[in-house]
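# Understanding the architecture of this molecule
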Amino acid sequence: MRKAGPPPSNPKGPRLSDGKTIGDLFNLDRNEVAMRVLSDPEIYDLEMEKIFSKTWTLLGHESEIPNKGDFVLRDIGADQVIVTRDNKGKVNVLLNVCPHRGMRVCTTDSGNKRAHKCIYHGWAFQNNGDFIGAPIAEEKMHGCKMEKSELGLQHANTHLYGGLIFACWDHDGETFEEYLGEMKWYYDMLFCRTDGGLEVVGPPQRFIVNANWKTASEQAAADGYHTVTLHAWLGELAKFNEGDIAASMYGTEVTSRMGHALRCQPVANKFKQAAKGFADGSLTLEDKLALLPPPGVTKEMLPQLKRHLSKEQLELLVDQPPQVGGMFPNILVAFIYAPQPDGTILGLTSLHSYVPRGPDKLEFTNWIFAEKDASPEHKALVRKVTIQMLGTSGMIEQDDSDTWPHMTINSKGPQGRDMTMKYQALNTRERPKSWPGPAEAYEGFTSDDTQWNWWLRWYDLMTAE
Amino acid sequence: MSDTKKEITGTLVRPNKIPVGSEIHNRITETLYEEALMLDNMLVLEWSYFVTKDISYTVPLRATRLLEESDKSIVRSMMHMDEDYNSLMMRVGRLTRTKSAFAEDPPSRTRRLITNILVDSTNKPDEFAVTSYGILTRNRYEEHNTQVVSFVRHDILREIDGELKLAKREIIVDFAVLGTQNLAIFL
């Protein structure tokens, strides 16, 4: 292949030091984006400002900080934050930067404190971020220029959704409802379906991958094609989907311009025995729920589903549950089935956040969830099987983390940086008429529409005034 | 000495210690050296015969906590690895029976340096509690920086028909954020 000609000029968004704009890196007619976006430090700096300071990011789950005073350290882009439950029980997200001289106020990953005291000069803050005082109060060590009320830790806008903790620095920007948009209908099926809701089985796994955060994050927008090749062992050895991985990539992908995506996969295709009768109309909803509960839900919780979900949501969850996908900007959502040696089918629930650690480094954060009301034995099994499949040592995801660094390196070459990533395998069918949910819906084989929406959201934010 | 310190460092109070240089200690040392040789040469099928069918193989998380809370610096409610015999064999199977174990194909160049081996007898005459320090260096592709994973292992080695087999291994890594892109390798 010869080098392609330059894309049509599209002078939108900030101008980079070589004169090109962010818009110039996109070919919107051909669904291409220049690989340069995967390592250019200038673009990384713009992302910190235009994405991670503007939109919502996932920081964890409130079950990680169940008691007043509990806290964990997390990251919004390149900024470290303390996520606390204050003395009134409210969740706060506080910049871990002392307003005095910029030291980290909190130096441990987690714990319980009524107050956080900076070890450098002793400025102390309540666990809701309010400034308490400096050590030598009578000498007014905190100064005479600013009121105490002005010296608290910086707050991020915080929102709890199904117990998940989201935060956003922009207090005047989009609401969380606007952020999730139409896709909320689908996420509700996963996160807001039972009385007790989900809880983490423990703290997240954390490890470093020498790759740009977007290599992992755009894949999370329901990249189905890679599964067929990169995860071929699932068919070869684990006999997933009875050995036919490509067949499991048929379903319906839902997505929106907000960059979110989920792939819904019919269980009738996936489990020809366990889901016999699911597709031919011979079973009622009750029959199906009893035969094959949605991933992660135990039989005892089935009555709860009806209270929390609409009939349409429940039917979709039973027939064609969302299995994998993501939330913009850097979240992977996995609700996957894992057939067990004894014939039962276990549902695994995991969320990842791919925290930017510089243009060519990301921190892979992996939480594993179980329904709070599940038995301890069920939770232990879910934890074990999920660890074996996803995250640090996950037999599925270990191959992903070896791929992203190569893309990042390739994006630095003088030729490679202008090479484009292509999202041209588009689903051209009409939206299925009987589809019960909102947002864009693409029925058939997996397609690039979901990932292209991810890139359009990136484009929208990066070129926004 | 708190339990955590004991877990990380081994304990100095060792009523059941088997002296360094004794016949059993020598055998165990040689067995662990040979295991490292197998794994560094990707002889994972051979390694699979070194583990028992009831093996538990785990890598807990680590967390940065204050000294007074150091019992919480090892986190077992979540792990990097939580393996039994079947899952370990699935990992071995990926490497030996498929052509799609891309995380280790092409394989990393690794070196397992196993030192500070201390052996204690247990209440089972055929089982030994073995603590060892390890540094694993890992290098892939054209990387010129070596990835390092340092750890202490707490093993139970069991004598079966005159051979020592691995019946339990807990690997305490020295990282709250692991610096390698996956654990597609055995520690």
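Criteria and cut-off values
Residues numbered from 1 in each chain as written. Chains lettered and ligands numbered in written order. Predicted model: local features only at pLDDT ≥ 70, side-chain atom pairs only at ≥ 80, totals over all residues. Heavy atoms only, no water. Pairing = 2+ DSSP bridges. Helix = DSSP H or I, 4+ residues; strand = E, 2+ residues; numbered from the N terminus. Axes fitted to C-alpha atoms, helices over the stretch in contact; angles between N-to-C directions. Domains from an automatic or database assignment. Contact = heavy atoms within 4.5 Å. Buried area = accessible area lost by both parts, 1.4 Å probe. Salt bridge = Lys/Arg side-chain N within 4 Å of Asp/Glu carboxyl O. Parallel < 35°, antiparallel > 145°, perpendicular 65-115°, else oblique. Nonpolar A, V, L, I, M, F, W, Y, C, P; charged D, E, K, R; others polar. Polar contact = N/O pair within 3.5 Å; in protein donor to acceptor, adjacent residues only side chain to side chain.

Residue and element names in this part refer to chain A. Spatial ordering of the open sheet is given by E6-E5-E4-E7, a layout of four strands whose pairing is antiparallel. Of all the strands in the sheet, the pair left with one neighbour each is strand E6 (91-95) and strand E7 (110-112). Neighbouring strand axes in the sheet, compared pairwise and without regard to direction, differ in orientation by 30 degrees on average. Where strand E5 (residues 79-85) meets E6, five bridges bridge the pair, whose relative direction is antiparallel. If you follow Val83 over to E6, its bridge partner there is Val93.

Turning our eyes to something else, we now look at the domain arrangement of chain A. Residues and elements named next belong to chain A. Along its sequence, chain A is carved into domain 1 (57-173) and domain 2 (181-463). One C-alpha centre belongs to domain 1, the other to domain 2; they are set 33 Å apart. In this assembly, 15 residues from domain 1 lie in contact with 22 residues from domain 2. Surface buried jointly by domain 1 and domain 2 totals about 1400 Å² across both partners, of which 67% is contributed by carbon and sulfur atoms. It is Leu58, Asp75 and Tyr161 that lose the most area in domain 1 upon contact with domain 2, and together they represent 37% of the buried surface on that side. Viewed at the interface, domain 2 and domain 1 are joined by two salt bridges.

Before going further, it helps to examine the packing of helix H1 (residues 41-50) of chain A against helix H14 (residues 449-463) of chain A. Helix-helix packing is described using two parameters, namely the angle between the two axes and the distance between the axes. Residues and elements named next belong to chain A. Orientation of H1 relative to H14, taken along the N-to-C sense of each, is 85 degrees, at an axis distance of 9 Å. Of the possible angle classes, the one that applies to H1 and H14 is roughly perpendicular. In this structure, H1 contributes Ile43, Leu46, Glu47 and Lys50 to the contact, and H14 contributes Trp458, Leu461 and Met462. Of the residues that constitute the contact of H1 with H14, the class distribution is five nonpolar, no polar and two charged.

Moving on: the sheet that holds strand E21 (residues 420-422) of chain A. Strand pairs in the sheet, formed through backbone hydrogen bonds, run parallel or antiparallel to each other. All names here are of chain A. Read across the sheet, three strands follow the order E1-E2-E21 without closing on themselves; strand pairing throughout is antiparallel. Either end of the sheet is taken by a strand with one partner, and the two such strands are strand E1 (26-27) and E21. Note that strand E2 (residues 32-34) and E21 share three bridges and pair antiparallel. Bridge pairing in E21 links Glu32 to Lys422.

How large an interface is tends to be reported as the accessible area lost when its parts come together. Of the residues lining the interface, 37 residues belong to chain A; the matching set on chain B comes to 39 residues. Summing both partners gives a buried area of about 3400 Å² for chain A against chain B, and 55% of it is carried by carbon and sulfur. Considering only the surface of chain A that becomes buried against chain B, Leu237, Met395 and Asp402 of chain A emerge as the three largest contributors, covering 17% of it. Summed over the shared surface of chain A and chain B, the result is four salt bridges. One salt bridge connects Arg94 of chain B with Asp399 of chain A, and the closest N-O pair in it is separated by 2.9 Å. Connecting chain A to chain B are 28 residue pairs in polar contact (both at pLDDT 80 or more). A per-element tally of the side of chain A that touches chain B places strand E14 (residues 205-209) of chain A first, with five residues. Broken down by class, the residue content of the side of chain A that touches chain B amounts to 15 nonpolar, 14 polar and eight charged.

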